[in-house]
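Residue-level listing of the chains:
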Amino acid sequence: RGGGERTPKPRRAIARAIEGPGSLRANLVVTTGRAVGAERFGVQPPHVIIENYIPHGLLLPLCDLVVSPGGAGTVVGALGHGLPQLMLVSQHDTPAHAAGPAGAQAGLVLDGPEATPQRIASTAQRLLSDPSFAAAARRVRVEMAAMPSASSVLATLTI
């Protein structure tokens, strides 16, 4: 299309998330989802890997920080691995998901326009360099592990 083509919102958000933490020169793994497609972001520096999908169970054990839009699966998965989080919320339901890690001091939230590449980079650096966020995330992991399983709760409710 001509010069008036607009970049879809998810693609812009992912581009900001790549540009921000990518400037930290830390290893960065980005998953785009199939709807956006990793190939749209072109060639990246060697420390940036972009894929459509990587299962959380394979990726999260290798991470020090999770930067995400704050979806429920990613938020709970990161907490289950004791990882601090930077949640870039802009959708209607993600602020509620982000409230848990932020309230537990296990993460920080950037909302909409404040999620510039520079703010993402500085906030990610703060989360990586301040050990209190990782310690809080590990405390949440321990609390989650101590919770009863869904099957034991169901058994209690159906007695």
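Anyway, here's the lowdown on the structure attached to this text. Note on numbering: residues in each chain are counted from 1, in written sequence order. The model is predicted, so local features are restricted to residues of pLDDT at least 70 and side-chain atom pairs to those at 80 or more, both for listing and for counting; the totals for chains, interfaces and linings are taken over all residues. Excluded from the side-chain calculation are hydrogens and water; included are all heavy atoms of the structure.

## Description of the overall build of the protein chain
Okay, step 1: Only DSSP runs of H or I reaching four residues or more are called helices, and only runs of E reaching two or more are called strands; each is numbered from the N terminus. Across its full length, the protein chain holds 7 helices and 5 strands.
Okay, step 2: Ordered by position from the N terminus, the helices and strands of the protein chain form the series α-β-β-α-β-α-β-α-β-α-α-α.
Okay, step 3: Viewed in the frame of its principal axes, the protein chain has a C-alpha envelope of about 65 × 35 × 30 Å.
Okay, step 4: In the protein chain, which comprises 159 residues, the proportion classed as buried is 33%.
Okay, step 5: Whether two residues touch is decided by their heavy atoms; if any such pair falls within 4.5 Å, the residues are in contact. Sequence-distant contacts, at least 24 apart, represent 41% of the contacts inside the protein chain between residues at least 6 apart.
Okay, step 6: Split by element, the accessible area of the protein chain, about 9600 Å² in all, is 58% carbon and sulfur. For the exposure calls, accessible area comes from a 1.4 Å probe over protein chains only, and a residue counts as buried if that area is under 20% of its type's maximum, exposed if over 50%, partly exposed in between. For the area figures, the Shrake-Rupley method with a 1.4 Å probe applies, and any residue is considered shielded solely by the protein chains shown.

## Quick notes on unusual backbone geometry
Okay, step 1: One non-glycine residue with positive phi stands out, namely Gln105, at about 65°.
Okay, step 2: With respect to the helices, strands and loops of the structure, Gln105 is situated in the loop between helix H4 (94–103) and strand S5 (107–111).

## Quick word on the nonpolar core
Okay, step 1: Core analysis: the largest hydrophobic core is formed by 11 residues, namely Ala17, Leu65, Leu86, Leu88, Leu108, Leu110, Ala115, Ile120, Ala124, Leu127 and Phe133.
Okay, step 2: Those elements that provide at least two residues to this core are strand S4 (85–89), S5 and helix H5 (117–129).
Okay, step 3: The biggest single contributor to this core is H5, with 3 residues.
Okay, step 4: The contacts of Leu65, once residues within four sequence positions are left out, are Pro84, Gln85, Leu86, Ala124, Leu127 and Leu128. The criterion is simple. A nonpolar core is a set of buried Ala, Val, Leu, Ile, Met, Phe, Trp, Tyr and Cys residues joined through side-chain atoms within 4.5 Å.

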